[in-house]
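# Geometric and topological summary
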Amino acid sequence: MRFRIAAAAAVAAMAVSGCGANGLWDRSGLIADTAGCTEQRLDIYFDEGQARLTQPAQQMIAMTGERLQGCRVEGVDVIGLASSTGDSASNQTLSERRARAVADALIEAGWPSPRFTLSAGGDAGATTDGGLAEPLRRRTEIVIHARPQ
């Protein structure tokens, strides 16, 4: 009889420990959140003529890195861009510095270490065919190739 009471108490304890506040089994440990484990694009904007990341850009990189934990990141493309202000050689150098600054920040933020592909577009494409300046070209585009593990 003592054995039956002890066994019943053990089963009851296990049932209670597995229940959430609403009485249902807590399955959070069984389900992997892979919603962020897809190909995605992220734009990081810079101040005019700068290659230094702003505080909001650093926060965005950190938050995205947290979402990627548990994902298999197969590659990250980092494309530095510049506006049409100034000469083409300076804009090319600036876009290269922007791409490098973002790649360094991704690694520093603890992103999974995939294959990084860096490229720089300079001011190519920064003006329309009609000669108008393309707005918001002071950025680096990040394309993340991720999938569930």
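Because the structure is predicted, anything quoted here is derived from the model rather than measured. (Residues numbered from 1 in each chain as written. Predicted model: local features only at pLDDT ≥ 70, side-chain atom pairs only at ≥ 80, totals over all residues. Heavy atoms only, no water.)

What follows deals with the overall build of the chain. Along the backbone of the chain there are three helices and four strands. Its helices and strands taken in sequence order, the chain reads α-β-α-β-α-β-β from the N to the C terminus. Within the chain, buried positions represent 31% of all 149 residues. Nonlocal contacts in the chain, meaning residues at least 24 apart in sequence, comprise 78% of its contacts between residues at least 6 apart. Accessible area for the chain stands at about 9500 Å²; split by element, carbon and sulfur atoms hold 55% of it. (Helix = DSSP H or I, 4+ residues; strand = E, 2+ residues; numbered from the N terminus. Buried < 20%, exposed > 50% of the residue type's maximum accessible area, 1.4 Å probe, protein only. Contact = heavy atoms within 4.5 Å. Areas by Shrake-Rupley, 256 points an atom, 1.4 Å probe, with all protein chains shown as cover.)

Per-residue pLDDT for the chain has a mean of 79; in total, 72% of the residues score no lower than 70. Per-element averaging of pLDDT across the chain places helix α1 (residues 2-17) at the bottom with 46 and strand β1 (residues 40-45) at the top with 94. Overall, residues 6-22 carries pLDDT values under 50, and its contacts beyond four positions in sequence, including any with other chains, amount to eight contacts. In this model residues 27-32 is a low-confidence stretch, pLDDT under 50, and it forms zero contacts with partners more than four residues away in sequence or in other chains. (pLDDT = per-residue confidence, 0-100.)

Right, let's talk about helix α3 (residues 88-108) for a bit. For α3, which comprises 21 residues, the first-to-last C-alpha distance of 30 Å matches the rise-based estimate of 30 Å (1.5 Å per residue) to within 8%. For α3, the set of buried residues is Asn-91, Leu-94, Ser-95, Arg-98, Ala-99, Ala-101, Val-102, Ala-103, Ala-105 and Leu-106. Looking at the packing, one finds that the buried side of α3 touches β1, α2 (55-68), β2 (71-81), β3 (115-122) and β4 (139-148). Once α3 ends, the next one or two residues include Gly-110, with phi positive near 85°. (Expected span 1.5 Å × (residues − 1).)

Turning next to the pattern of salt bridges. In total, this model carries eight salt bridges according to the counting rule given. Of the charged contacts, one joins Arg-100 and Asp-104 as a salt bridge, the two residues approaching to 3.2 Å between their closest N and O atoms. Taken together, the residues span about one helical turn, with Arg-100 and Asp-104 both in helix α3 at a distance of four residues. Relative accessible area serves as the criterion here: at 38%, Asp-104 is assigned to the partly exposed category. The shortest N-O distance in the salt bridge between Glu-141 and Arg-139 comes to 2.7 Å. Residue classification places Arg-139 among the buried positions, given a relative accessible area of 13%. The structure contains a network of salt bridges with shared partners spanning Arg-41, Asp-43, Arg-139 and Glu-141. (Salt bridge = Lys/Arg side-chain N within 4 Å of Asp/Glu carboxyl O.)

Here Arg-139 is to be found in strand β4. Sequence-wise, Arg-139 and Tyr-45 are 94 residues apart; in three dimensions their C-alpha atoms are separated by 4.2 Å. For Arg-139, the contacting residues outside a window of four places in its chain are Arg-41, Asp-43, Ile-44, Tyr-45, Phe-46, Ile-79, Gly-80, Leu-81 and Arg-98.

Turning to the pairing of β2, a few remarks are in order. Of all 11 residues that make up β2, eight are buried, and the element is covered over most of its length. In this structure, β2 lies alongside β4, joined through nine bridges in antiparallel fashion. By the bridge assignment, Val-76 is partnered in β4 with Ile-144. In terms of strand pairing, β2 meets β3 through seven bridges, oriented parallel. When the bridges of β3 are listed, Asp-77 appears paired with Thr-117. (Pairing = 2+ DSSP bridges.)

This brings us to the state of the cysteines. Applying the stated criterion across every chain yields a total of one disulfide. Here Cys-37 is linked by a disulfide to Cys-71, with a sulfur-sulfur distance of 2.0 Å. Given an S-S torsion of about -80°, the disulfide between Cys-37 and Cys-71 has left-handed geometry. Here Cys-71 lies in strand β2 and Cys-37 lies in the loop between α1 and β1, a separation of 34 residues in the sequence. Each member of the pair, Cys-37 as well as Cys-71, carries the same accessibility label: buried. (Disulfide = S-S within 2.5 Å.)

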